Amino acid sequence: GAVVSQHPSWVICKSGTSVKIECRSLDFQATTMFWYRQFPKQSLMLMATSNEGSKATYEQGVEKDKFLINHASLTLSTLTVTSAHPEDSSFYICSARPGQGPGLADPSGEQYFGPGTRLTVT
Amino acid sequence: SQKIEQNSEALNIQEGKTATLTCNYTNYSPAYLQWYRQDPGRGPVFLLLIRENEKEKRKERLKVTFDTTLKQSLFHITASQPADSATYLCALRGGGYNKLIFGAGTRLAVHP
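Since this is a predicted model, take the numbers as computed values, not measurements.

### With respect to the overall build of chain A
From N to C terminus, chain A includes zero helices and eleven strands. Going from the N terminus to the C terminus, chain A shows its helices and strands as β-β-β-β-β-β-β-β-β-β-β. Relative to a compact globule of 122 residues, whose C-alpha radius of gyration would be 14 Å, chain A shows 14 Å and is just as compact. In chain A, the share of contacts with a sequence separation of at least 24, taken over all contacts with a separation of at least 6, comes to 58%. Of the roughly 5,900 Å² of accessible surface on chain A, a fraction of 53% belongs to carbon and sulfur atoms.

### Quick notes on the packing of aromatic side chains
Residue and element names in this part refer to chain A. The final tally for this structure, using the stated rule, is eleven aromatic pairs over all chains. Between Tyr36 and Phe113, the aromatic rings sit 5.5 Å apart at their centres with planes inclined by 45°, giving tilted as the arrangement. Taken together, the positions of Tyr36 in strand 4 (residues 32-38) and Phe113 in strand 10 (residues 112-113) put the pair 77 residues apart, joining distant regions of the chain. A relative accessible area of 0% places Tyr36 in the buried class. You can call Phe113 buried: its relative accessible area is 10%.

### What to know about the sheet that holds strand 6 (residues 56-59) of chain B
All names here are of chain B. Across the sheet, five strands lie side by side as 1-3-8-7-6; this open sheet has antiparallel pairing. Among the strands making up the open sheet, the edge pair consists of strand 1 (3-6) and strand 6. Neighbour to neighbour, the strand axes of the sheet diverge by 15° on average, direction disregarded.

### Topic: the pattern of salt bridges
All names here are of chain B. Enumeration over the complete set of coordinates arrives at seven salt bridges over all chains. Close ionic contact of Lys57 with Glu54 constitutes a salt bridge, the shortest N to O distance being 3.6 Å. Close ionic contact of Asp84 with Arg61 constitutes a salt bridge, the shortest N to O distance being 2.9 Å. Taken together, the positions of Asp84 in the loop between strand 8 (72-77) and strand 9 (86-93) and Arg61 in the loop between strand 6 and strand 7 (62-67) put the pair 23 residues apart, joining distant regions of the chain. Assessed through its relative accessible area of 7%, Asp84 is described here as buried. By relative accessible area, Arg61 is classed as partly exposed at 26%.

### Points about the side chain of Ser80 of chain B
In this fold, Ser80 of chain B is placed in the loop between strand 8 and strand 9. Separated by 3.5 Å, the side chain of Ser80 of chain B and the backbone oxygen of Gln14 of chain B make a polar contact.

### Observations concerning unusual backbone geometry
Residue and element names in this part refer to chain A. Look at the link from His7 to Pro8: it is a cis peptide, with omega at 0°. Assignment of secondary structure puts Pro8 in the loop between strand 1 (4-7) and strand 2 (10-13). The backbone of Lys41 shows a phi angle near 60°, a positive value even though the residue is not glycine. Within the fold, Lys41 resides in the loop between strand 4 and strand 5 (45-51).

### Looking at the state of the cysteines
In this structure the tally under the stated criterion is two disulfides over all chains. For Cys23 of chain A, the disulfide goes to Cys94 of chain A, at an S-S distance of 2.0 Å. Its S-S torsion of about 80° marks the bond between Cys23 of chain A and Cys94 of chain A as right-handed, since a negative value means left-handed. Taken as a pair, Cys23 of chain A in strand 3 (residues 19-25) and Cys94 of chain A in strand 9 (residues 90-97) lie far apart in primary sequence, 71 residues in all. Through a disulfide, Cys23 of chain B is tied to Cys90 of chain B; the S-S separation comes to 2.0 Å. With the S-S bond torsion at 60°, the cross-link from Cys23 of chain B to Cys90 of chain B turns out right-handed. Remark: Cys90 of chain B occurs in strand 9 and Cys23 of chain B occurs in strand 3 (residues 19-26); sequence separation between them is 67 residues. Here Cys90 of chain B falls in the buried class, since its relative accessible area comes to 1%. No disulfide involves Cys13 of chain A; its sulfur sits 18 Å from the nearest other cysteine sulfur, which is in Cys94 of chain A. By relative accessible area, which is 9% here, Cys13 of chain A ends up buried.

Quick notes on the rules
Residues numbered from 1 in each chain as written. Chains lettered and ligands numbered in written order. Predicted model: local features only at pLDDT ≥ 70, side-chain atom pairs only at ≥ 80, totals over all residues. Heavy atoms only, no water. Helix = DSSP H or I, 4+ residues; strand = E, 2+ residues; numbered from the N terminus. Rg over C-alpha atoms; globule rule 2.2 N^0.38 Å. Contact = heavy atoms within 4.5 Å. Areas by Shrake-Rupley, 256 points an atom, 1.4 Å probe, with all protein chains shown as cover. Phe/Tyr/Trp six-rings, centres within 6.5 Å; stacked < 30°, edge-to-face > 60°. Buried < 20%, exposed > 50% of the residue type's maximum accessible area, 1.4 Å probe, protein only. Pairing = 2+ DSSP bridges. Axes fitted to C-alpha atoms, helices over the stretch in contact; angles between N-to-C directions. Salt bridge = Lys/Arg side-chain N within 4 Å of Asp/Glu carboxyl O. Polar contact = N/O pair within 3.5 Å; in protein donor to acceptor, adjacent residues only side chain to side chain. Disulfide = S-S within 2.5 Å.

Written as structure tokens, this is what we have:
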């Protein structure tokens, strides 16, 4: 159980175009999903927290107009990289936590990660 | 400033030995700490969670300790196998109500 999928697994796009990455929780509902970026041999860096039915919360230094996040349902969040540039090339990973949401007393618990999407901007 | 530090050097060990990986943190007071495994080109996979009031936790060949005084967690793999070769990440809750902050990971290579 607790499977998270991402689509596509890899994408190559030209500079200036936009790319959409989907993250789905396949067998559970996720009020909250997270988007990370990982450069080679570096740690996962949280980009934003995606809340179903509301605006995403972006980490400091992440441009919300460039990285558009939509959490349309309890099982789907999308990340759109707009006007992509070569420096946006990275490994993008989403994660989800089953059933949790803001205001709960004990938010601890593992996150289930998707397999990642390798974005290459040429 | 807040930091999570893991050994940046790869850990090379012989099959059958115990691998021990270290995670140190500063300027955090985490209620729990997690360990993940990441294979190249893949997302992390959750392994273990240990809470601040737990000294040790085990799962099959894995053991995690958590010393809140030393601000350190140790991750052990006993009877290591080549299939255990991967990067291991520690993560703890920092900032927002459920944000995980990750260390850079330690790459483990188990040689037959």
